[in-house]
Amino acid sequence: MLEVLHLTVRYGAKPVLKDVSFRLADGEILAVIGPNGAGKSTLVRALSGILPPECGSIRYDGRDLCALSVQERARLIAVVPQARSLPAGFTAWQVVSLGRTPYLNWLGQLSPADEELIWEAMRRTDTQHLAHRLVGELSGGELQRLLLARAMVQATPVMLLDEPTTHLDLQYQIGLLNQMVEVVRQPIAGNGNGKAHQPAALVVLHDLYLVARYADRVLLLVDGCVQAYGTSAEVLRPQLLSEAFGIPLEVMRSPNGKYPLVVPLMA
C-alpha cells in the first residue's frame, strides 16, 4: 500500500499542497481531479521524488520513499508524464527501453529478458511499428503511448499517470485507460522478495466520465487541499463538484445506467 500522510509541498513561500492524506492499495486505481491550479501535477511530482515535501510522509509498504535512493525509488514508482520534453533524437524503442534502467548491471546492458519485456510492452500499447522512428517525428498521442509502455517495462508496484489522455483522440483515450486497467489487474513479481503483487495506479484526469468509468476511488483537490476522497458515487456529487469547479453542475446517469455523467446546468 502507498500511504501519504499530512503531505505539504511549497513552491518558494507558497504552499501548493496542504496536509494531503490518502491511501492507495495494491490493485486499485485512484483518480485525482480538481480545477486548474489545484495541485494535481504537484502531487505527482512529490510522489515521484521530484519535489521534496516540507512536511508529512510518503510510504510504500512501510518504507519511507523520501529516504530511498533514486534507483530504489524507481523500482517502486513509475511515472507517465505529459508528453512534452522527450529527446527528439531518440528512437521510440530507446524511449521504452529507459524503463529498464533501474535494473541494469553496471555496464548498462539490456538482457534478452529485458528486450522481451520492451517488445511486449510496445505490442500491448500498439507502438511496436514505431520502434525505429525518431521521437521528433511522432505525434503527441504516439508519444503518450510510448510513455505508458516505458512505465510498463519498469514493472513497479505503483504507477503515476499525469493527464495521460492529453493529445489523444477518444479511441486512444479509451485504449490507453483500458491498458492501464490491464496492467493493474495483472500480478507482477515482487522487487527482490519473490512475491507477486497487484500494481496500483494514481491517474490525474479532467474528464469526469472517464473518472467514473475507470477509478476505484477519487481524490478531489481544491487549492491544494483534499475536499473529498472516496468512491466515484461519494465524490461525484453535484454540490461538491459545483463548489470545487465554480460552475453549476448536474450529475446524471449515462444511457447504459452504469456511470454518472457530469454536465453543466444550462442558464
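Just so we're clear, the structure is a prediction, and the values are computed from it rather than from any experiment.

## Regarding the packing of helix α4 (residues 112-124) against helix α5 (residues 140-154)
Then, in step 1: Relative orientation of the contacting elements α4 and α5 amounts to 140°, with a least axis distance of 9 Å. Judged on the interaxial angle alone, α5 and α4 are oblique. Considering only the axes of α4 and α5, their crossing is right-handed. Of the residues in α5, those in contact with Leu117, Ile118, Ala121, Met122 and Arg124 of α4 are Leu146, Ala149, Met152 and Val153.
Then, in step 2: When the residues that make up the contact of α4 with α5 are grouped by side-chain class, the tally is eight nonpolar, no polar and one charged.

## What to know about unusual backbone geometry
Then, in step 1: The phi torsion at aspartate 19 lies on the positive side, around 55°, for a residue other than glycine.
Then, in step 2: Within the element layout of this structure, aspartate 19 appears in strand β2 (residues 14-24).
Then, in step 3: Non-glycine residue aspartate 61 carries a positive phi angle of around 55°.
Then, in step 4: With respect to the helices, strands and loops of the structure, aspartate 61 is situated in the loop between β4 (55-60) and β5 (63-64).

## With respect to the nonpolar core
Then, in step 1: Grouped together as the largest cluster of nonpolar side chains are 54 residues, with contacts concentrated most on Ile33, Met122, Leu146, Leu161, Val211 and Leu220.
Then, in step 2: A total of eight residues in this core trace back to one element, the largest contributor, which is α5.
Then, in step 3: What leucine 146 contacts, discounting residues up to four positions off in sequence, is Ala92, Val95, Val96, Met122, Thr127 and Leu138.
Then, in step 4: Val4, Val44, Ala46 and Val204 belong to the second largest nonpolar core, which has 29 residues in total.

## Details of the pattern of salt bridges
Then, in step 1: Summed over the entire model, instances satisfying the criterion amount to 10 salt bridges.
Then, in step 2: Between arginine 123 and glutamate 120 there is a salt bridge, with the nearest N and O atoms lying 2.7 Å from each other. Taken as a pair, arginine 123 and glutamate 120 lie in helix α4 at a separation of three residues, close to a single helical turn.
Then, in step 3: Classification of arginine 123 as partly exposed rests on a relative accessible area of 48%.

## Digging into helix α6 (residues 170-185)
Then, in step 1: In this model, α6 (16 residues) spans 23 Å end to end at C-alpha, consistent with the 22 Å of a helix rising 1.5 Å per residue.
Then, in step 2: Within α6, burial applies to Gln173, Ile174, Leu176, Leu177, Gln179, Met180, Val183 and Val184.
Then, in step 3: In the core, the buried residues of α6 are packed alongside β3 (29-33), α4, α5, β7 (158-162), β10 (200-204) and α7 (208-214).

## Some points on the packing of α5 against α6
Then, in step 1: Contact geometry of α5 with α6 gives a least axis separation of 11 Å together with a crossing angle of 5°. Overall, the two elements α5 and α6 adopt an arrangement that is roughly parallel. Mapping the contact onto sequence places Gln144, Arg145, Leu148 and Met152 in α5 and Tyr172, Leu176, Gln179 and Val183 in α6.
Then, in step 2: Class assignment of the residues belonging to the contact of α5 with α6 gives a composition of five nonpolar, two polar and one charged.

## What to know about the confidence of the model for the chain
Then, in step 1: When pLDDT is averaged along the chain, the result is 88, and 94% of the positions lie at 70 or above.
Then, in step 2: When mean pLDDT is compared element by element in the chain, β3 scores highest at 97, while strand β8 (residues 188-189) scores lowest at 59.
Then, in step 3: Between residues 190-194, whose pLDDT stays under 50, and residues either more than four places distant or in other chains, the model counts nine contacts.

## Some points on the sheet that holds strand β1 (residues 2-11)
Then, in step 1: In space, the four strands of this open sheet follow the order β2-β1-β4-β5, with antiparallel pairing throughout. Every interior strand has two partners, whereas the edge strands, β2 and β5, have only one.
Then, in step 2: In this structure, β4 lies alongside β5, joined through two bridges in antiparallel fashion. Among the inter-strand pairings, arginine 59 is bridged to a residue of β5, identified as aspartate 64.
Then, in step 3: In this fold helix α1 (residues 40-48) packs onto β1, β2 and β4, with an angle of close to 115° to the strand it touches most, β1.

Definitions and limits used
Residues numbered from 1 in each chain as written. Predicted model: local features only at pLDDT ≥ 70, side-chain atom pairs only at ≥ 80, totals over all residues. Heavy atoms only, no water. Axes fitted to C-alpha atoms, helices over the stretch in contact; angles between N-to-C directions. Helix = DSSP H or I, 4+ residues; strand = E, 2+ residues; numbered from the N terminus. Parallel < 35°, antiparallel > 145°, perpendicular 65-115°, else oblique. Left-handed = near helix turned anticlockwise from the far one by under 90°. Contact = heavy atoms within 4.5 Å. Nonpolar A, V, L, I, M, F, W, Y, C, P; charged D, E, K, R; others polar. Core = buried A, V, L, I, M, F, W, Y, C linked by side-chain atoms within 4.5 Å. Buried < 20%, exposed > 50% of the residue type's maximum accessible area, 1.4 Å probe, protein only. Salt bridge = Lys/Arg side-chain N within 4 Å of Asp/Glu carboxyl O. Expected span 1.5 Å × (residues − 1). pLDDT = per-residue confidence, 0-100. Pairing = 2+ DSSP bridges.

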